[in-house]
Amino acid sequence: MTTRRTFLKHCSTIAGGLTLGRAGYLWGTPHMMPTTANTLNVSTLATFVDPLPIPQIVRPSGTRAVPGSKSTAPYYRFAARPVEMQVHRDLKPTRFWSFGPSVPGPTMEMRSGEDVLVEWANELPQQHFLPIDYRLHGAEKTNPQVRIVSHMHGARVPASSDGYPEDWFAPGKSVVYHYPNQQDPAMLWYHDHAMGINRLNVYAGLFGAAILRDKVEDDLNLPSGKYEVPLMIFDRLLTPEAQLYYPISDKPGAPWIPELFGDAILVNGKLAPYLEVEPRKYRFRVLNASNARFYHLSLSNGLPLHQIGTDQGLLPAPVTEKAIMMAPAERIDIVVDFADCRGEQVILRSDSFNIMQFRVSNAKISDTSSLPAQLRPMPKMQESEATKTRLLTLDEYDNQVQEPVLMLLNASYWHDPITENPAVNSTEIWTFVNPTDDTHPIHLHAVRFQILDRQHYEPWTYLTKKQFRFLGPRTPPEPFESGWKDTVSAHSKMVTRIIVKFDAYPGRYVWHCHILEHEDNEMMRPYEIVG
Ligand SMILES: [Cu+2]
């Protein structure tokens, strides 16, 4: 039997990409790993033989009236359908589900303050092709197998357009969602959020990017057009026939697994692709679209990553780093200057794993783009602004052989009454207490926030006496997470504090762990912004 730890080590050997031990707090407990069938050993495939695909920019199909207003807005139609796509030159096409011709789905381009309407349509078959666990909440046999609902991650939207997990719809149905885009520019991403099968639907390919811009950002003269490239990174397991493989546990009738880690790491849908670049500045919009895998990104020649943005948009000023950690659902906005790398091949890697290659040309070019010293002001939120502090535990329950069987937030199930109910426009501090051995990337819908700090603590004292025994000082967020965020890594055996202003639309939203296997097994809670 392979334990989770040995499985991770195995992945680390073949993929070299298991980056998680940077501070030694990301993984640890030897949880059982599921029985695995024969999977394709992708390490035998040639690397850097496929050009990096760039998802197409989707165009609106006309305009429609905005609900509750006299104005009209661009109208898009996104239909989820089965697609086939070659993830590598030497492999047969892989079946996915997508909102476009390939995975990730098409990219939306939007402007801050400008309304957009999207019809999300379910044109999928009646049967799922990945292993549903009918015991999970929302995935009961009484529900249709194939259900989808789209959430625009990072968007401030009315609750009725947020993609509430129980608002799923079956094949043949569609919904129209309204995105007012009353927020600062950022890289958002749309992905499925259907209750109990979210991990399977996203794994199948139901996600894509949505880039929000405004004039302030335009005027910064950052690299743009073909010099601004989305990099959406996601890992998969493939069968020897190059089809998606999602493992199941060895427990009959209970196929759920605690995390999915694949050795095939795709960028924009290709395995270890290459991108031909000019010796100049590029802007990369990076998204970790994996179910559970973290990445620790750096460039092989030590070229600096000039980070200009986090999940929710531009930093006040660029931060220069050699490596950046990304949890599932996090985004980073980086500028890389290849000017001094003429003729070189530079590899983007996650520790020792090669993710993709940049082939720098020898072309004579003049780079007129900028990397400004100042980007967008970000007032630092003060603790004194908060009118309430909530203490929220992240809970993992194991069976006798230390296999996790259930994950909860604050010891509450999805169906328990709502306990987080901030008033609209109020500011709160949410304190995540994580006694588990895992980092849980916690995401709040509808709002953005700032990370206050983290602090090591001793879980047993807290568990038994409800008292904190801290094992070190409060540490500020890492430079790469020091901007506006919507997802925060709550590390193992640490207390992580964020400060949030709930200046969003009143209504019922969710907050959850963005490891999709955790989220599907109860690590998600409704919350209500009270108007
Ligand atoms: Cu989690």
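The shown structure was predicted, so the numbers you read here are calculated from the model rather than taken from an experiment. (Residues numbered from 1 in each chain as written. Predicted model: local features only at pLDDT ≥ 70, side-chain atom pairs only at ≥ 80, totals over all residues. Heavy atoms only, no water.)

Caption draft 1: Highlighting the overall build of the protein chain. Helix and strand counts for the protein chain come out as five helices and 31 strands. Against the globule reference of 24 Å for 531 residues, the protein chain gives a C-alpha radius of gyration of 22 Å, in line with a compact fold. Along the three orthogonal principal directions, the C-alpha set of the protein chain runs to about 65 × 55 × 55 Å. The burial tally for the protein chain puts 61% of its 531 residues in the buried class. Looking at the protein chain alone, contacts between residues at least 24 apart form 78% of all its contacts between residues at least 6 apart. (Helix = DSSP H or I, 4+ residues; strand = E, 2+ residues; numbered from the N terminus. Rg over C-alpha atoms; globule rule 2.2 N^0.38 Å. Buried < 20%, exposed > 50% of the residue type's maximum accessible area, 1.4 Å probe, protein only. Contact = heavy atoms within 4.5 Å.)

Caption draft 2: Examining the coordination of the copper ion more closely. Here the copper ion is held by His440 (ND1), Cys513 (SG) and His518 (ND1), and the distances to it run 2.0 to 2.1 Å. Read from N- to C-terminus, the donor residues coordinating the copper ion fall into the pattern H-x72-C-x4-H. Of this pair, His440 sits in strand β26 (residues 440-444) while His518 is found in helix α5 (residues 516-520), placing the two residues 78 residues apart along the sequence. (Donors = N, O, S within 2.8 Å, 3.2 Å for Na, K, Ca; no water.)

Caption draft 3: Examining the pairing of strand β18 (residues 313-321) more closely. Taken together, the five bridges between strand β17 (residues 305-310) and β18 define a ladder with antiparallel strand orientation. Following the sheet pairing, Gly309 is matched in β18 by Leu314. Connecting β17 to the antiparallel partner β18 that follows it, the hairpin turn spans two residues. (Pairing = 2+ DSSP bridges.)

Caption draft 4: Up close: the nonpolar core. Residues Phe284, Phe358, Phe432 and Leu444 are the most contacted members of the largest nonpolar core, which totals 132 residues. The element contributing the most residues to this core is strand β10 (residues 228-238), with seven residues. Among all residues touching Leu444, those that are not within four sequence positions of it are Trp430, Phe432, Phe449, Asp486, Ile498, Val500, Phe502, Val510 and Trp511. If you look at the next biggest cluster of nonpolar residues, it comprises eight residues, including Leu220, Ile308, Val319 and Leu375. (Core = buried A, V, L, I, M, F, W, Y, C linked by side-chain atoms within 4.5 Å.)

Caption draft 5: Summary view of the layout of surface pockets. There is about 420 Å³ of room inside the largest pocket. In terms of lining, the largest pocket is formed by 20 residues, of which the most central are Leu394, Glu396, Pro435, Thr436 and Leu463. Those elements that place two or more of their residues in the lining of the largest pocket are β23 (388-398) and α4 (459-465). With six residues, the single largest contributor to the lining of the largest pocket is β23. Grouping the constituent residues of the lining of the largest pocket by class yields ten nonpolar, four polar and six charged. In this structure, the second largest pocket spans a volume of roughly 290 Å³. Mapped by element, the contributors of at least two residues to the lining of the second largest pocket are β4 (105-111), β9 (207-213), β10, β14 (274-277) and β15 (281-288). (1 Å grid on protein atoms, 1.4 Å probe; cavity = no way out; pocket = protein on both sides within 12 Å on 5 of 7 lines; lining within 4 Å. Points joined across faces, edges and corners; volume = space filled by probe spheres on them. Nonpolar A, V, L, I, M, F, W, Y, C, P; charged D, E, K, R; others polar.)

Caption draft 6: Looking closely at the pairing of strand β24 (residues 404-409). In terms of burial, β24 is a largely internal element, five of the six residues being buried. Looking at chain direction, β23 and β24 are connected through five bridges and run antiparallel. Bridge assignment links Glu396 to a residue of β24, and that residue is Met407. The loop that links β23 with its antiparallel partner β24 comprises five residues; one of these, Gln402, has a positive phi angle of about 60°.

Caption draft 7: Summary view of the sheet that holds strand β22 (residues 353-360). Spatially, β14-β22-β21-β16-β19 is the arrangement adopted by the five strands of the open sheet, whose pairing is mixed. With one partner strand each, in any of the chains shown, β14 and β19 (323-326) form the two edges of the open sheet. Each adjacent strand pair in this sheet contributes to an overall mean axis angle of 25°, direction not counted. Where β14 lies against β22, four bridges are found, and the strand directions are parallel. Looking at β22, one finds that Val277 is bridged to Val360. (Axes fitted to C-alpha atoms, helices over the stretch in contact; angles between N-to-C directions.)

Caption draft 8: Structural context of the side chain of Asn521. Note that Asn521 resides in the loop between α5 and β31 (524-529). In this structure the side chain of Asn521 is engaged in a polar contact, spanning 2.9 Å, whose partner is the backbone oxygen of Val405. (Polar contact = N/O pair within 3.5 Å; in protein donor to acceptor, adjacent residues only side chain to side chain.)

Caption draft 9: The arrangement of the packing of aromatic side chains in detail. In the structure shown here, the tally under the stated rule is 27 aromatic pairs. Between Trp430 and Phe502 the ring centres are 5.7 Å apart and the planes differ by 40°, which places this aromatic pair in the tilted class. Of this pair, Trp430 sits in strand β25 (residues 427-434) while Phe502 sits in the loop between β29 (494-501) and β30 (507-513), placing them 72 residues apart in sequence. Looking at Phe502, the relative accessible area reads 0%, which means it is buried. Three or more aromatic residues joined by ring pairs make a cluster, and in this case those are Trp430, Phe432, Phe502, Tyr509, Trp511 and Tyr527. Above the face of the Tyr274 ring, Arg359 is positioned so that its terminal group lies 3.5 Å from the ring centre. (Phe/Tyr/Trp six-rings, centres within 6.5 Å; stacked < 30°, edge-to-face > 60°. Lys NZ or Arg CZ within 6 Å of the ring centre and 35° of its normal.)

Caption draft 10: Broad picture of the sheet that holds strand β28 (residues 487-490). Taken together, the four strands give an open sheet; going across it, the order is β28-β26-β30-β31, and neighbouring strands pair in antiparallel fashion. The outermost strands of the open sheet, each flanked by one partner alone, are β28 and β31. Each adjacent strand pair in this sheet contributes to an overall mean axis angle of 25°, direction not counted. Summarising the sheet, β26 and β28 pair through four bridges and their orientation is antiparallel. Counterpart to His443 in the pairing with β28 is Thr487.

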